[in-house]
Amino acid sequence: MNSEMLYALRDVAGVPSHPIVFLLLGVLTFALHIAAVQVMLGATALVLANAFSRNPMRRRLAAAMTTTAKIAVSVAVVLGVAPLLFVQVTYDPFWYTSNVLSAWWVIGFILLLIAAYMALYFFYSRNHHLEDPRQDARSGWSLVAALALFLVVGFIMHVLTQQMLSPEKWMAWYAPNGVIDPSGRTLHDYNLWRFGFFIALAAPVSGAWLFAYRRYLGAGQLADAAYLQWVGRLAGRMLHVGGVIALALFAGWMSTLPANIASFATSPVVLLSVALLLLTVLLPALLGPRTLNSSLGYAPFALGAVALIAVAALREVLRWTVLKGVHGYDVFTYPVHMDWYSNVLFFATFALIGGSTLAYFLAVAWKVGQTPKGQIYTPSPFIDRIGTASLWLIGVWIVQFFVVGFVVWAR
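Everything in this summary refers to the structure shown in the same document.

## Some remarks on the overall build of the chain
Thinking step 1. Of the regular secondary structure elements, the chain holds 15 helices and zero strands.
Thinking step 2. Computed over its C-alpha atoms, the radius of gyration of the chain comes to 23 Å, within 12% of the 22 Å expected for a compact globule of 411 residues.
Thinking step 3. Structurally, the chain occupies a C-alpha span of about 65 × 50 × 40 Å along its principal axes.
Thinking step 4. Restricting the contact set of the chain to residue pairs at least 6 apart, pairs at least 24 apart contribute 82%.
Thinking step 5. Surface exposure of the chain reaches about 20600 Å², of which carbon and sulfur atoms provide 73%.
Thinking step 6. The positive charge centre, built from 24 side chains, and the negative charge centre, built from 14, are 15 Å apart in the chain.

See below:
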């Protein structure tokens, strides 16, 4: 398929802001989304590895990670919507074609994700006493099913992303041997190195998460020293072993790039991403006991988040390089029809409503973690005002939504 055809598939309405805005927001929101996905996968795997032990520390971790995984699914789903929308806006000829070619799986994605979450929640509902090693963990099959289905939906999304990068193969996939196949039942293209890299990152990301978890417990004196040390050792192993495996898979991914863009493997964005991932793996060893005794315990996860932003940028630059360098499609030539209202509304929602609400939840969670065991935390007047302000902002947003809708309808 030539570049003229690709340009003809664009939305004639253009985009409401410059494409660079969508690309930057896509990088940021994808990094947040994939961090939640990796915590979800890592936490679920930790539950599976520890829930059936009689060791009290392993059972305690399994109980905590069950709650973590359950929440991480919700966060991953919510944060996954934004990068999906951004790629639909900027790369619509590629994304929609890829979706149509595997439509059956696109629809199945939703059903499988629902089934995965229900399986995870079923395990949670059956094991409210998971922390007690004297009681058996029940319905382990549902946990295995949840983890397997999470991997399947991740693979579907990987295939859709991979297929959009190969427009020269679309006709062969749509009409193999000249016979049209409109069923959409086939997953046509994948790169196991790339998929494996993003899945393997779950180990070091979850290891960094465990360091934050340990610091959270330690600050509030919510656990004994033996448990904190055990969690620290486990987190270190996950960081080191998982980090090495992830980087090996990353090297495999880069080695499979087409010959005409093979130099991308040594580009600055790739080197920066590798450097940040390595630094994340090494950081706990560099900080030593301060990961337990100070707020630096949160540093590995914070640095890991920065590394994931670099990886997300790498992924976006690679997409642009393939589509521009190989197929002659330049996203920056997309016609811009500036829509100031939607731009202001989006950034105001993101900064004011999202910022205030997130700040309130993080502040409460932080303060609860700092409260010694046996004491009840009471929010300060300042934190109360943040929570009240976020509720008012949400109310104002809902009112303006209906007012604008009514005005548009009335005109």
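Alright, that's what it looks like, and here's the rest.
## Some details on the packing of aromatic side chains
Thinking step 1. Inspection of every chain in the model, using the stated rule, returns 29 aromatic pairs.
Thinking step 2. With 5.9 Å between their ring centres and 55° between their planes, Phe198 and Trp253 make a pair best called tilted. Of this pair, Phe198 sits in helix H8 (residues 192-200) while Trp253 sits in helix H10 (residues 225-255); the two residues are 55 residues apart in sequence, bridging distant segments of the chain.
Thinking step 3. A residue is classified by how much of its surface remains accessible, and Trp253, at 2% relative accessible area, is buried.
Thinking step 4. Judged by centre distance (5.3 Å) and plane angle (90°), the rings of Phe401 and Phe402 are edge-to-face.
Thinking step 5. By relative accessible area, Phe401 is classed as partly exposed at 46%.
Thinking step 6. Three or more aromatic residues link up through ring pairs in this structure, and these residues are Tyr7, Tyr91, Phe94, Trp170 and Tyr329.

Cut-offs used in this document
- Residues numbered from 1 in each chain as written.
- Predicted model: local features only at pLDDT ≥ 70, side-chain atom pairs only at ≥ 80, totals over all residues.
- Heavy atoms only, no water.
- Helix = DSSP H or I, 4+ residues; strand = E, 2+ residues; numbered from the N terminus.
- Rg over C-alpha atoms; globule rule 2.2 N^0.38 Å.
- Contact = heavy atoms within 4.5 Å.
- Areas by Shrake-Rupley, 256 points an atom, 1.4 Å probe, with all protein chains shown as cover.
- Lys, Arg positive; Asp, Glu negative; His and termini not counted.
- Charge placed at Lys NZ, Arg CZ, Asp CG, Glu CD.
- Phe/Tyr/Trp six-rings, centres within 6.5 Å; stacked < 30°, edge-to-face > 60°.
- Buried < 20%, exposed > 50% of the residue type's maximum accessible area, 1.4 Å probe, protein only.

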